[in-house]
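Read off the chains here:
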Amino acid sequence: MTTARRSDATRAAILEAARERFASDGYDRATIRAIARDAGIDPSMVMRYYGNKEGLFAAASEIEIGLPELGALPARHIGAVLVTHFLERWERDEVLTGMLRVGVTNAAGAERMQEIFASQLGPVTRGVCPDPAEAPKRAALVASQILGMALTRYVLRLPPAVEMSREEIVAWLAPTVQRYLTAETP
C-alpha cells in the first residue's frame, strides 16, 4: 500500500471513529484519545491530520444533506418530498443525529448546523418560495419542523414520535412545510 493510500485509510478511520464518538458522547465528552483508540491509532496521528479537537469536529461534521431538486416538482408535492427526504436521511445516518445532539449543547456544533442550514437549505428554499427575499425566514420555519421532529423522534425518543410511521409523519408535517415554502406571506 502506498503512503498516500495508507494516509487516506488513516484519515477515513479517524473520521469514522470521530463521527461515532461525537454522536454517542457529544462534543464535550468526546476525547482525542478515545477517538484514536476507536480508530486503532496513536492520538498523535489525529493531531497530525486535524490539528485539534475543533479541526477534527469540523472535518467529521461535513454533511451533505443531499436535498432533492425541487424546481421540477409540482409545487403541491414539495413539502412531502422534503419531509420524506429528511426522514430517510435521519434514519440511515447517525451523523445527523450526532450533529443535532452536539448542536444543541455546544457552540461549535450550533455554528456547524447554522452553516449547513445556510449553505444547503437556504438555496433550495430560494428556488421555490414566491419571494426570494423571504427565503431565509421560510427556511428557518422549515428547519423548525424538520429539526423539531428529529429531536423528538431520534434524540429524545419521545414514544409518540417514535411510534409514528414515516407515512404518518409525512402526512402531519408535509402540509406545514409546504405552506412555509410556497404559500403567500400571511
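This one's a predicted model, so the numbers in the text were calculated from it and none came from an experiment. (Residues numbered from 1 in each chain as written. Predicted model: local features only at pLDDT ≥ 70, side-chain atom pairs only at ≥ 80, totals over all residues. Heavy atoms only, no water.)

Points about helix α3 (residues 43–50)
So, point 1. Listing the buried residues of α3 in full gives Val46, Tyr49 and Tyr50. Mapping the buried residues of α3 onto a view down its axis gives an arc of 80°, with all of them on the same face. (Buried < 20%, exposed > 50% of the residue type's maximum accessible area, 1.4 Å probe, protein only. Helix = DSSP H or I, 4+ residues; strand = E, 2+ residues; numbered from the N terminus. Arc of directions from axis to C-beta.)

Overview of the side chain of Arg138
So, point 1. Within the fold, Arg138 resides in helix α8 (residues 135–155).
So, point 2. Judged by its relative accessible area of 7%, Arg138 falls in the buried class.

Overview of the packing of aromatic side chains
So, point 1. On inspection of all chains with the given rule, the structure shows five aromatic pairs.
So, point 2. Ring-pair connections join several aromatic residues into one group, and the members of that group are Phe22, Tyr27 and Phe57.
So, point 3. Here the basic side chain of Lys53 rests over the ring of Tyr27, its NZ or CZ set 4.6 Å away from the ring centre. (Phe/Tyr/Trp six-rings, centres within 6.5 Å; stacked < 30°, edge-to-face > 60°. Lys NZ or Arg CZ within 6 Å of the ring centre and 35° of its normal.)

Digging into the pattern of salt bridges
So, point 1. Under the defined criterion, the tally for this structure stands at seven salt bridges.
So, point 2. With a closest N to O distance of 2.5 Å, Glu91 and Arg166 form a salt bridge. Taken together, the positions of Glu91 in helix α5 (residues 78–92) and Arg166 in helix α10 (residues 166–182) put the pair 75 residues apart, joining distant regions of the chain.
So, point 3. Note on Glu91: relative accessible area 36%, which makes it partly exposed.
So, point 4. Taking relative accessible area as the criterion, Arg166 reaches 29% and is therefore assigned partly exposed.
So, point 5. Notably, a salt bridge pairs Arg138 with Glu134, separated by 2.9 Å at the nearest N-O pair. (Salt bridge = Lys/Arg side-chain N within 4 Å of Asp/Glu carboxyl O.)

Some points on the confidence of the model for the chain
So, point 1. Taken over all residues, the pLDDT of the chain has a mean of 87, while the share at 70 or more is 98%.
So, point 2. Per-element confidence in the chain ranges from a low mean pLDDT of 80 for helix α6 (residues 94–105) to a high of 97 for helix α9 (residues 159–163). (pLDDT = per-residue confidence, 0-100.)

Looking at unusual backbone geometry
Excluding glycine, a negative phi dihedral is what most residues carry, and trans is how most peptide bonds are arranged.
So, point 1. Although it is not a glycine, Arg157 sits at a positive phi angle of roughly 55°.
So, point 2. Looking at where Arg157 falls in the secondary structure, it is placed in the loop between α8 and α9.

As for the environment of Ala30
So, point 1. Looking at the element boundaries, Ala30 is found in the loop between α1 (3–29) and α2 (32–39).
So, point 2. Spatially, the C-alpha atoms of Ala30 and Lys53 are 8.9 Å apart, while their sequence positions differ by 23 residues.
So, point 3. The contacts of Ala30, once residues within four sequence positions are left out, are Arg21, Phe22, Asp25, Ile35 and Lys53. (Contact = heavy atoms within 4.5 Å.)

Regarding the nonpolar core
So, point 1. One finds Phe22, Leu56, Val83 and Trp90 to be the most contacted residues of the largest nonpolar core, which totals 53 residues.
So, point 2. In this view, Phe22 contacts Tyr27, Ala30, Ile35, Lys53, Leu56, Phe57, Ala60 and Val102; residues no more than four positions away in its chain are not counted. (Core = buried A, V, L, I, M, F, W, Y, C linked by side-chain atoms within 4.5 Å.)

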